[in-house]
Amino acid sequence: MAIARSTIWQIAAAMVVTPLLFFAPRAMATEAELSTCEIESVQQAGDAIRSALRGKRYDVIHCFVESGYDINSTALFGETLLDRVVSYGYLELVEYLLARGAALNLSERPTITSAITGLGVDLHDIAKPDGEPFSSLEDHFGVLRSLLENGAQLDERFEHGTTTYIVLIMDFCDREWHDRIAYYDFLDDISANDPKAIEPTGPDNTAVRNMWLQVAMGHLDEECVERSFKSFRVANEREFVADE
């Protein structure tokens, strides 16, 4: 039995609730507070960093880091600065933090899930009332590339149990989504770097079967799904659903 497509979107909606608490407008730091980079409290640092990220003020983030802010602290709502930056898709800042020793997976959920959640927020115009994304798809995928190059894995899980590669395939292989240029470029890069093979088990095996059913029902693009499985090196048996 296939998972209803509406269930996938319910999962996607649930995954962005927590990030939206950070994206949502709140009391913003003043320009004077941003320019000083002084960390008098966790709340003050959180407000300043939130304001800087929403305004794409890379200079403020640089100032905080150079002034001694612990980039591996999980004081920002239980997440690190890297977790927050990848959510926005700010590739330049991600590379800056990684070069300065920012570590992955220090929070309760893997860093790559924050990146994919942020990608979904921009993809579905959830976070900003004007509909303008924080970053381009190319930058979001660039962030994913950087994380994968630094040890992230495509089979890491969200807190809801959904696996990262499944979320990517369900979003970008949807038949209603036609602009796959950035996604296909990402797949080509993944293939070239020979990723670790993924052997779906348990719920993931069921999800793979259901994706082929979604292809048969016309909800997912067949070429896109096949290309994704090949690039991600996901072991799958399409014949599982041949007689269903």
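For clarity, every value in this text was computed on a predicted model and none was experimentally measured.

Cut-offs used in this document
Residues numbered from 1 in each chain as written. Predicted model: local features only at pLDDT ≥ 70, side-chain atom pairs only at ≥ 80, totals over all residues. Heavy atoms only, no water. Disulfide = S-S within 2.5 Å. Helix = DSSP H or I, 4+ residues; strand = E, 2+ residues; numbered from the N terminus. Buried < 20%, exposed > 50% of the residue type's maximum accessible area, 1.4 Å probe, protein only. Phe/Tyr/Trp six-rings, centres within 6.5 Å; stacked < 30°, edge-to-face > 60°. Lys NZ or Arg CZ within 6 Å of the ring centre and 35° of its normal. Expected span 1.5 Å × (residues − 1). pLDDT = per-residue confidence, 0-100. Contact = heavy atoms within 4.5 Å.

**Notes on the state of the cysteines**
Working step 1: Inspection of the entire model under this criterion finds 1 disulfide.
Working step 2: What pairs with cysteine 173 in a disulfide is cysteine 224, and their sulfur atoms sit 2.1 Å apart. With the S-S dihedral at roughly -70°, the linkage between cysteine 173 and cysteine 224 falls on the left-handed side. Residue cysteine 173 is located in the loop between helix H10 (164-172) and helix H11 (181-192), and its partner cysteine 224 is located in helix H13 (residues 222-232); the two are separated by 51 residues in the primary sequence. The two residues cysteine 173 and cysteine 224 agree in class, both being buried.

**Here we look at the packing of aromatic side chains**
Working step 1: Applying the stated criterion across every chain, the model contains 12 aromatic pairs.
Working step 2: Here phenylalanine 172 and tyrosine 183 contribute two aromatic rings whose centre-to-centre distance is 5.0 Å and whose plane-to-plane angle is 10°, an arrangement assigned as stacked. Taken as a pair, phenylalanine 172 in helix H10 and tyrosine 183 in helix H11 lie far apart in primary sequence, 11 residues in all. The same class applies to phenylalanine 172 as to tyrosine 183, namely buried.
Working step 3: An aromatic cluster is built from Phe141, Phe172, Trp177, Tyr183, Tyr184, Phe186 and Phe232, whose rings are joined through pairwise contacts.
Working step 4: Seen from the ring of tyrosine 184, arginine 227 lies directly overhead, with NZ or CZ sitting 4.0 Å from the centre.

**Digging into helix H12 (residues 203-216)**
Along an α-helix, residues three or four positions apart point the same way, because every turn accommodates 3.6 residues.
Working step 1: Taking 1.5 Å of rise per residue, the 14 residues of H12 would be expected to cover 20 Å, and the 20 Å separating its terminal C-alpha atoms lies within 8% of that figure.
Working step 2: If you check which residues of H12 are buried, you get Asp204, Ala207, Val208, Asn210, Met211, Trp212, Leu213, Gln214 and Val215.
Working step 3: Count one or two residues on from H12 and you reach glycine 218, which has phi positive near 85°.

**Points about the confidence of the model for the protein**
Regions with low pLDDT carry predicted coordinates that are not meant to be interpreted in detail.
Working step 1: Of all residues in the protein, 76% have pLDDT values of 70 or greater, and the mean over the chain is 81.
Working step 2: Low confidence marks residues 1-13, where pLDDT is under 50. Its contacts with residues over four positions away, or in another chain, come to 17 contacts.
Working step 3: Between residues 239-244, whose pLDDT stays under 50, and residues either more than four places distant or in other chains, the model counts 7 contacts.

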